[in-house]
Amino acid sequence: MNVQARPGCLDAPVLKQRGQREVFCGLTGIIWLHRKMQDAFFLVVGSRTCAHLLQSAAGVMIFAEPRFGTAIMEEVDLAGLADANEELDREVARLLARRPDIKQLFLVGSCPSEVIKLDLSRAAERLTTEHAPHVRVLSYSGSGIETTFTQGEDACLTSMVPVLPHTDEKQILMVGSLPDVVEDQLVGYLRDMGIPVGVLPSPRRDGAPGVGPNTHMLLAQPFLGETAGELAKRGAKHIAAPFPFGVEGTTAWLKAAADLFNVPQDVFDRVTGAARQRAEKAVAQVAEGLRGKSIFFFPDSQLEIPLARFLTRECGMTPLEIGTPYLHREHMDPELALIPAGPVISEGQDVDLQLDRCRAARPDLTVCGLGLANPLEAEGLSTKWAIELVFSPVHGYEQAADLAALFARPLKRKEAVKI
Ligand code: SF4
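Residues numbered from 1 in each chain as written. Predicted model: local features only at pLDDT ≥ 70, side-chain atom pairs only at ≥ 80, totals over all residues. Heavy atoms only, no water.

Under an unreviewed UniProt entry, the protein has the name Light-independent protochlorophyllide reductase subunit N and belongs to Rubricella aquisinus.

J.: Can you lay out the nonpolar core for me, pointing to particular residues and giving the numbers?
T.: Counting residues in hydrophobic clusters, the biggest one holds 104 residues, and the most contacted among them are Phe-42, Phe-106 and Phe-407. Listed in part, the 20 residues of the second largest apolar core include Met-73, Ala-84, Val-92 and Leu-120. (Core = buried A, V, L, I, M, F, W, Y, C linked by side-chain atoms within 4.5 Å. Buried < 20%, exposed > 50% of the residue type's maximum accessible area, 1.4 Å probe, protein only.)

J.: Outline the UniProt feature "binding site: [4Fe-4S] cluster" (unreviewed entry) in the protein, listing residues and values.
T.: Look at the UniProt record and you will see "binding site: [4Fe-4S] cluster" (unreviewed entry) annotated at Cys-25, Cys-50 and Cys-111. Separation in sequence by 87 residues is not matched in space for these annotated residues, since their most distant C-alpha atoms are only 9.5 Å apart. The topology assignment puts Cys-50 in helix H2 (residues 48-58). What makes Cys-50 buried here is its relative accessible area of 9%. Apart from the residues lying within four places of it in its own chain, the contact partners of Cys-50 are Leu-27, Val-44, Ser-110 and Pro-112. Inspection of the secondary structure puts Cys-111 in helix H5 (residues 111-115). (UniProt positions renumbered as here; feature names shortened; annotations may be inferred. Helix = DSSP H or I, 4+ residues; strand = E, 2+ residues; numbered from the N terminus. Contact = heavy atoms within 4.5 Å.)

J.: Got a sec to walk through helix H11 (residues 265-287)? Specific residues and values, please.
T.: The end-to-end C-alpha distance of H11 is 29 Å, clearly below the 33 Å that 23 residues give at a rise of 1.5 Å each. Considering bend angle alone, the principal kink of H11 is centred on Thr-272 and spans about 50°. (Expected span 1.5 Å × (residues − 1). Bend = angle between axes of the 7 residues up to and from the residue.)

J.: Outline the domain arrangement of the protein, supporting the account with residue identities and numerical values.
T.: Segmentation of the protein into domains returns domain 1 (14-21 + 279-417), domain 2 (26-147) and domain 3 (171-265). On a C-alpha basis, the centres of domain 2 and domain 3 stand 29 Å from each other. At the junction of the two partners, domain 2 supplies twelve residues and domain 3 supplies eleven residues. In this assembly, domain 2 packs against domain 3 so that about 940 Å² is buried in total across both faces, 44% of it on carbon and sulfur atoms. Taken as a group, Lys-36, Gln-38 and Asp-39 account for 58% of the area that domain 2 buries against domain 3, more than any other trio of residues on that side. Here domain 2 is connected to domain 3 by two salt bridges. Measuring nitrogen to oxygen at the nearest pair gives 2.6 Å for the salt bridge that ties Lys-36 to Asp-180. At the surface where domain 2 touches domain 3, the tally comes to eight residue pairs in polar contact (both at pLDDT 80 or more). The element contributing the most residues to the side of domain 2 that touches domain 3 is helix H1 (residues 29-36), with three residues. Classifying every residue of the side of domain 2 that touches domain 3 gives five nonpolar, three polar and four charged. (Domains from an automatic or database assignment. Buried area = accessible area lost by both parts, 1.4 Å probe. Salt bridge = Lys/Arg side-chain N within 4 Å of Asp/Glu carboxyl O. Polar contact = N/O pair within 3.5 Å; in protein donor to acceptor, adjacent residues only side chain to side chain. Nonpolar A, V, L, I, M, F, W, Y, C, P; charged D, E, K, R; others polar.)

Here's what the structure looks like:
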């Protein structure tokens, strides 16, 4: 028999663990989604705990009339004494009367609304009829029972797919919310190569992209498994590519789209060449502080595998364990193929067991949530807060060196303290 070894970590066994977890729930996605969709409002149907979570995650933004809020379920609702639907309708009517700028309203499910089985998708249908055509109401779950952190965005975008208009045009649909400056750069490269591009989510409801059998989806974020599945139901095809982190990832991601549209190599080089060279130089400088250092990822955002690929191949780091809350094989295989065999790939979490592995490995740098960072620092391990990787502009050529710098900074600080 002829056994062929496949490249990198493609055949690495995946350590799957379920136990106590240290992760955010999907409600946190609202923090960046509401900034992206400028005519949307996110109404969490939840408890005071959910409202507190949003307040602490959003920090200072709560003072700036944000486009999200919590309809707090009181004890009478939980005990089934009040008709929660009637109350919800009343709250929504009050909100829409006060905020005529809202064109899309998302009812966001939470643990309490799910436990009492409040049917938010029916409520969304009812409220859409009531407030059409001015406002469209959709629903999704951001609860901790169903979603982890960035999966909240996946659930939100999934809820939008059925209401996107139809198109037969051959086009790229870039999927995933990115900071405006990054989105403009990436979409700019594609358009400069003559490729028609739509973006999901769009800043406004009227600008929603079309989807159809000639749509090819290019995922900008690694946590969009459900959205991709829903788009496939509308005929869209997935483009297999690494994610646009670092120079190599960005080039491969753009090239996958260019090849599909038969863009000649010289056009591709003309559009991307200068930015690519600038980024290579900038990354090489920052990578000096990372070369030869080991890194351990706790699961958080699903960005872990693409980031480990970038740090290994462009910055010379050695990953010891790459934890992800969820491993979507089809979307992640192009990444795993690029990571040299060696690290433990783990999916899900039993936090105590994972902490034991981390302590035994003594990595130079540990990427983890805020809840673990300070305790690990106290044990002498350098840490990088994972949440910053989701909130900072990190995709594309222009941000590649900044991305490397996010990892280099804690190591530099440690060196400085030693001196
Ligand atoms: S949705 Fe669940 S996990 Fe998230 S804040 Fe509310 S109660 Fe907590």
